[in-house]
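These are the residues of each chain, in order.
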Amino acid sequence: METNRQKKIGGVLQQDLVDILQGEIRKNGITNLVISVSKVSVTTDLSVASVHLSIFPQDKAAETLAAIRSNGPLIKHDLAQRVKMQLRKVPNLTFYLDDSLDYIEKIDNALSGKENPITNPELLARRKKF
């Protein structure tokens, strides 16, 4: 369970990370790429922040995440410049890919009948419990 302080710091970091990442996309002239920060969770000692990113289109997600991870120290420096009046020490950033939207889409397809095991019996083998 996160404390109120962790939630507030996570919210501040999330807003500033969105500005930093989208600003870099605009500055470099990259088109057809959307990066959103879906969640930032901070540890209890405020030393590590887990940043969950949603990257669209999905086929560019792995290479974009690798580029963001390689530029992690620069992103942390930009973040420190933005929050220097609010935080004494900026947490270390670890970036993860957020696949919750893909999971929701799979559930939605299953519920809407696009994956009907009566018309496609091959689906039954995937749904079988072991």
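- Under an unreviewed UniProt entry, the name given to the protein chain is Ribosome-binding factor A, and the organism recorded is Flavobacterium magnum.
- In its Subunit (unreviewed entry) section, the UniProt entry covering the protein chain states "Monomer. Binds 30S ribosomal subunits, but not 50S ribosomal subunits or 70S ribosomes."
- UniProt, in the comment section headed Sequence similarities (unreviewed entry), describes the protein chain in these words: "Belongs to the RbfA family."

1. Brief notes about the pattern of salt bridges
Item 1. For the structure on display, the rule yields two salt bridges.
Item 2. Between Asp19 and Arg82 there is a salt bridge, with the nearest N and O atoms lying 3.7 Å from each other. Taken together, the residues Asp19 in helix α1 (residues 4-28) and Arg82 in helix α3 (residues 72-82) connect sequence positions 63 residues apart.
Item 3. Judged by relative accessible area, Arg82 falls into the partly exposed class, the value being 41%.
Item 4. With a closest N to O distance of 3.0 Å, Lys27 and Glu24 form a salt bridge. Residue Lys27 and its partner Glu24 are located together in helix α1, separated by three residues, close to a single helical turn.

2. Quick notes on the sheet that holds strand β1 (residues 34-42)
One key point about sheets: their strands pair by backbone hydrogen bonds, in either a parallel or an antiparallel sense.
Item 1. The sheet built from three strands is open, its strands ordered β1-β2-β3 with mixed pairing. Each having just a single partner strand, β1 and β3 (92-97) make up the two edges of the open sheet. The sheet shows a mean angle of 30° between the axes of neighbouring strands, direction not considered.
Item 2. As judged from the six bridges shared by strand β2 (residues 48-56) and β3, these two strands associate in the parallel manner. Bridged to Ser50 within β3 is Thr94.
Item 3. Each of β1, β2 and β3 is contacted by helix α2 (residues 61-70), which is oriented at about 175° to β3, the strand it contacts most.

3. Some remarks on the packing of α1 against α3
Item 1. Between α1 and α3, the least distance of the axes is 10 Å, while the angle of their chain directions is 120°. Between α1 and α3, the crossing angle belongs to the class labelled oblique. Read as a crossing pair, α1 and α3 show a hand that is right-handed. In contact with Leu13, Asp16, Leu17, Asp19, Ile20 and Leu21 of α1, α3 contributes Ile75, Asp78, Leu79 and Arg82.
Item 2. Grouping the constituent residues of the contact of α1 with α3 by class yields six nonpolar, no polar and four charged.

Rules behind the numbers
- Residues numbered from 1 in each chain as written.
- Predicted model: local features only at pLDDT ≥ 70, side-chain atom pairs only at ≥ 80, totals over all residues.
- Heavy atoms only, no water.
- UniProt positions renumbered as here; feature names shortened; annotations may be inferred.
- Salt bridge = Lys/Arg side-chain N within 4 Å of Asp/Glu carboxyl O.
- Helix = DSSP H or I, 4+ residues; strand = E, 2+ residues; numbered from the N terminus.
- Buried < 20%, exposed > 50% of the residue type's maximum accessible area, 1.4 Å probe, protein only.
- Pairing = 2+ DSSP bridges.
- Axes fitted to C-alpha atoms, helices over the stretch in contact; angles between N-to-C directions.
- Contact = heavy atoms within 4.5 Å.
- Parallel < 35°, antiparallel > 145°, perpendicular 65-115°, else oblique.
- Left-handed = near helix turned anticlockwise from the far one by under 90°.
- Nonpolar A, V, L, I, M, F, W, Y, C, P; charged D, E, K, R; others polar.

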